[in-house]
Each structure stands twice: as structure tokens, then as C-alpha cells.
Amino acid sequence: VSVRFLGEGMFNKAYLVKVLGVEKEFFFRVRLPVDPHHRTASEVATLEFLRRNTSIPVPRVYAYDSSSDNSLKFKWILMDRVKGVPLREVWDSIKLEHMVDVVNSST
């Protein structure tokens with residue numbers, strides 16, 4: 001297994017995880033234990049709902065712990081790495097009809 005640090009925000013650290021012999025890359029996020037207990041579980045449930053009920057490409061969650069009562073002492077999520085470009089980076093350059101499609105697909 002190789003782990004590479006990707007970046008951090010106010011309450012999160014993100015890592016890229018590669019497993020020898022597996023083509024997939026995994027995204028591992030560790031969250032500081034400063035937010036509400038159910039936030040991680042809610043995020044996992046939201047991702048699963050979106051994955052099953054929309055065509056929005058969201059990662060499959062493989063494992064998570066919404067408490068800090070584990071060997072890491074942090075809340076964490078292990079999920080697929082979804083390749084793509086953040087919408088905020090292309091929003092100003094897409095055509096109006098595509099903007100409408102994006103907005104309508106999320107409702």
C-alpha cells in the first residue's frame with residue numbers, strides 16, 4: 001500500500017491510497033473530531049443516495065468510522081477516487097444550456 005498526502009482544509013486531511021495489484025485509486029479523508037458526530041455518517045448516506053438515484057458521478061464508500069473511538073483517533077472515510085474537474089473550475093466556460101442541464105439533473 002502506498003499513501004500520498006493530497007492536501008488539507010480546516011478540519012480535514014486528504015490522502016491518495018494505492019494498493020499493489022489493484023488498478024483503482026482510493027481517497028482517504030481524515031476529519032478532526034470537532035464537528036457533530038453524525039456528520040460523517042450523514043455524508044456517507046448522502047453519497048450513497050446520490051450514487052443510487054442520480055447520474056452524478058460520486059464515489060463508492062468502502063468503509064468509514066463516524067466516531068473518534070478507533071486506532072486513528074479521528075473520523076475517517078475510505079472511498080473511490082473519482083476523477084474529474086470540479087464544476088467551479090469550468091462553470092464560467094460552459095454554455096447556458098449545459099448549465100441548465102446541470103441544475104436540472106440535481107433536482
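Residues numbered from 1 in each chain as written. Predicted model: local features only at pLDDT ≥ 70, side-chain atom pairs only at ≥ 80, totals over all residues. Heavy atoms only, no water.

As named in an unreviewed UniProt entry, the protein chain is Aminoglycoside phosphotransferase domain-containing protein, taken from Ascobolus immersus RN42.

What follows is about a nonpolar patch on the surface. Taken together, the side chains of V1, V3, V19 and V22 present a nonpolar region at the surface, about 350 Å² in accessible area. Along the chain, V3 falls in strand β1 (residues 2-8). (Patch = residues over 30% accessible without salt bridge, like charges linked within 9 Å, V, L, I, M, F, W, Y side chains within 5 Å. Areas by Shrake-Rupley, 256 points an atom, 1.4 Å probe, with all protein chains shown as cover. Salt bridge = Lys/Arg side-chain N within 4 Å of Asp/Glu carboxyl O. Helix = DSSP H or I, 4+ residues; strand = E, 2+ residues; numbered from the N terminus.)

The subject of this paragraph is the pattern of salt bridges. For the coordinates displayed, the defined rule picks out 8 salt bridges. With a closest N to O distance of 3.6 Å, D80 and K24 form a salt bridge. With D80 in strand β5 (residues 75-80) and K24 in the loop between β2 (12-18) and β3 (25-31), the pair connects residues that are 56 residues apart, well separated along the chain. Taking relative accessible area as the criterion, D80 reaches 15% and is therefore assigned buried. Where E48 meets R51, a salt bridge forms, and the shortest distance between an N and an O atom there is 2.9 Å. Placement of both E48 and R51 in helix α1 (residues 38-53) is noted, with a separation of 3 residues, approximately one turn of the helix. On the accessibility criterion, E48 (26% relative accessible area) is partly exposed. (Buried < 20%, exposed > 50% of the residue type's maximum accessible area, 1.4 Å probe, protein only.)

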